[in-house]
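Here's the letter readout for the chains.
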Amino acid sequence: MAAVRERPTSPHLTIWRWGPGMAVSIIHRISGAGLSVVGLALLTWWLMAIAGGQEAYSTLAGMTSRWYGLVVLVGLTWAFFQHLFSGIRHLVMDTGMGFELKANKAGAIATILGSIAATALLWAYWMGAFK
Amino acid sequence: MSLGDSASDVGKVRGLGSARAGGTDWLAERVSSVALLLLGAWFLASLLFLPKLDQRTLVEWLRSAAGAVPMALFVIVGFWHAVDGLKQAVDDYVHGEVGRWFVNTLILFVAVAGASLCLFALGKIAFGAAA
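Residues numbered from 1 in each chain as written. Chains lettered and ligands numbered in written order. Predicted model: local features only at pLDDT ≥ 70, side-chain atom pairs only at ≥ 80, totals over all residues. Heavy atoms only, no water.

**Side note on the side chain of Ser-86 of chain A**
(1) Moving on: Following the sequence through the fold, Ser-86 of chain A ends up in helix α3 (residues 67-94).
(2) Moving on: When sequence neighbours within four positions are dropped, the list of residues in contact with Ser-86 of chain A reads Val-24, His-28 and Thr-111 of chain A. (Helix = DSSP H or I, 4+ residues; strand = E, 2+ residues; numbered from the N terminus. Contact = heavy atoms within 4.5 Å.)

**Digging into the layout of surface pockets**
(1) Moving on: Approximately 220 Å³ is the volume found for the second largest pocket.
(2) Moving on: Along the walls of the second largest pocket sit 14 residues, with Ser-36 and Val-37 of chain A together with Phe-79, Val-110 and Ala-111 of chain B positioned nearest its centre.
(3) Moving on: At six residues, helix α5 (residues 97-127) of chain B tops the list of elements feeding residues into the lining of the second largest pocket.
(4) Moving on: Residue classes in the lining of the second largest pocket are distributed as 11 nonpolar, three polar and no charged. (1 Å grid on protein atoms, 1.4 Å probe; cavity = no way out; pocket = protein on both sides within 12 Å on 5 of 7 lines; lining within 4 Å. Points joined across faces, edges and corners; volume = space filled by probe spheres on them. Nonpolar A, V, L, I, M, F, W, Y, C, P; charged D, E, K, R; others polar.)

**Examining the interface of chain A and chain B**
(1) Moving on: Taken together, the contacts link 34 residues of chain A with 49 residues of chain B.
(2) Moving on: In this assembly, chain A packs against chain B so that about 3,400 Å² is buried in total across both faces, 70% of it on carbon and sulfur atoms.
(3) Moving on: At the boundary of chain A with chain B, the tally comes to two salt bridges.
(4) Moving on: Of the charged contacts, one joins Arg-29 of chain A and Asp-92 of chain B as a salt bridge, the two residues approaching to 2.8 Å between their closest N and O atoms.
(5) Moving on: Joining chain A to chain B, the criterion identifies five residue pairs in polar contact (both at pLDDT 80 or more).
(6) Moving on: Going through the elements one at a time, α1 (20-52), α2 (54-63), α3 and α4 (101-126) of chain A are the ones with two or more residues in the side of chain A that touches chain B.
(7) Moving on: Ranked by residue count, the leading element in the side of chain A that touches chain B is α1 of chain A, at 11 residues. (Buried area = accessible area lost by both parts, 1.4 Å probe. Salt bridge = Lys/Arg side-chain N within 4 Å of Asp/Glu carboxyl O. Polar contact = N/O pair within 3.5 Å; in protein donor to acceptor, adjacent residues only side chain to side chain.)

Coordinates in, geometry out; function isn't part of it.
This is the structure we're talking about:
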């Protein structure tokens with residue numbers, strides 16, 4: 001008969017010492033949850049609106065030019081890139097690479113800088129800055 | 001030893017090691033993440049390079065196999081990955097077997113409903129009468 005011990009539980013935000021590695025790990029979860037809930041809800045709404053016809057679509061499209069619509073879209077774009085870059089970092093780390101303190105920290109910071117840069121570039125392009 | 005049974009013999013005696021089906025979930029999440037790497041890039045590139053994002057253009061795009069098929073895959077894999085990812089957070093932070101089961105099942109139901117709505121919309125666009 002196994003001597004059953006309490007399974008270890010995950011530590012909450014409060015007990016970590018803040019640093020790039022833990023911040024990116026937590027942001028990975030938050031951005032993932034954001035994409036899952038807000039992103040997929042919007043994707044569903046968007047596809048239903050396209051299927052619904054011109055009128056249904058213009059209701060949704062009209063909102064994306066308002067300030068709150070832009071906040072959601074820019075936020076989702078950033079969450080997408082952050083989760084993407086951080087996800088790639090996780091796949092690399094799954095192979096056992098990048099656990100040395102310096103490389104790990106540099107990788108974490110790179111995902112943040114990368115996601116901000118990619119979001120800024122994409123929206124600059126979208127807003128017609130390069131035309 | 002299956003992926004879902006990754007505890008060592010000592011770990012089993014101590015009641016530690018794999019939380020039942022963890023290994024399979026872990027791998028499935030990585031496989032879907034690699035698929036989303038491709039599909040997400042495709043989705044973003046499509047939005048960037050479509051001539052316009054009005055309803056007529058989008059319908060035309062989603063009536064073609066080149067639009068509809070990757071979009072259907074993006075929806076399916078996206079919701080799948082979201083369920084896997086949210087489950088990880090729920091398993092870590094919702095304590096108690098019953099609560100955990102309830103929240104995870106609720107997420108699964110909502111995700112299946114959302115994905116079904118998306119696929120219905122895509123079917124309607126692709127197979128419906130031309131606008």
